[in-house]
Amino acid sequence: MSRAVEVAMSTLEEHIDVGVPIDSAWDSLHRVENYPRFMDGVRDARAEADGRAQLDIEAGGKPRQMEAEVSDRPGDRVMEWHTGAPELKCSLTLHPIDQGNTRVQARLEYDPDTVREAFGGPRGFAQANAIERLVRGDLEHFREYAEHSR
């Protein structure tokens, strides 16, 4: 008899307003090769066929490779990421504020135990704070990247 194991996923939601039109922000998100410019820990990133991206990252002081599935819902301006080991789900949704400004909404779902096993670091509340700081930092770096690459 097999038994399904239910994993308790944690969810983090953050947003940032970016001083570029929605089309510019959307284009910036799709330049996978530039992810190292605004994603902490990403050393190299390559887009591959079939909606996949290969990421060379450094986490917990160790180099790792991660493969992510990337999918779009262009009409809704939503980009979704999914990795398998550790399981991470991320969606980036763009909302126009006005003609020259865009809100980037990030939603990250993760299993805290699996993330700790894969990357090391603190447990519990400290881990949630560390992940929150990382996502906020990445959003800040994305804003700088998007606003200065126009």
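Residues numbered from 1 in each chain as written. Predicted model: local features only at pLDDT ≥ 70, side-chain atom pairs only at ≥ 80, totals over all residues. Heavy atoms only, no water.

**Looking at helix α1 (residues 22–29)**
Alright, step 1. Considered for burial, the residues of α1 that qualify are I22, A25, W26, S28 and L29. End-on, the buried residues of α1 take up no more than an arc of 160 degrees, which puts them together on one face. (Buried < 20%, exposed > 50% of the residue type's maximum accessible area, 1.4 Å probe, protein only. Helix = DSSP H or I, 4+ residues; strand = E, 2+ residues; numbered from the N terminus. Arc of directions from axis to C-beta.)

**So, the sheet that holds strand β7 (residues 101–110)**
Alright, step 1. Taken in spatial order, the seven strands make up an open sheet running β1-β7-β6-β5-β4-β3-β2, and their pairing is antiparallel. Here the strands that pair on one side only, and so sit at the sheet edges, are β1 (10–18) and β2 (42–48). Between one strand and the next, the sheet's axes are offset by a mean angle of 20 degrees, whatever the strand orientation.
Alright, step 2. Across eight bridges, the pairing between strand β3 (residues 52–59) and strand β4 (residues 62–73) is antiparallel. Paired with A53 across the two strands is A68, which belongs to β4.
Alright, step 3. Seen against the sheet, α1 touches β4, β5 (78–84), β6 (87–98) and β7 and runs at an angle of roughly 160 degrees to β6. (Pairing = 2+ DSSP bridges. Axes fitted to C-alpha atoms, helices over the stretch in contact; angles between N-to-C directions. Contact = heavy atoms within 4.5 Å.)

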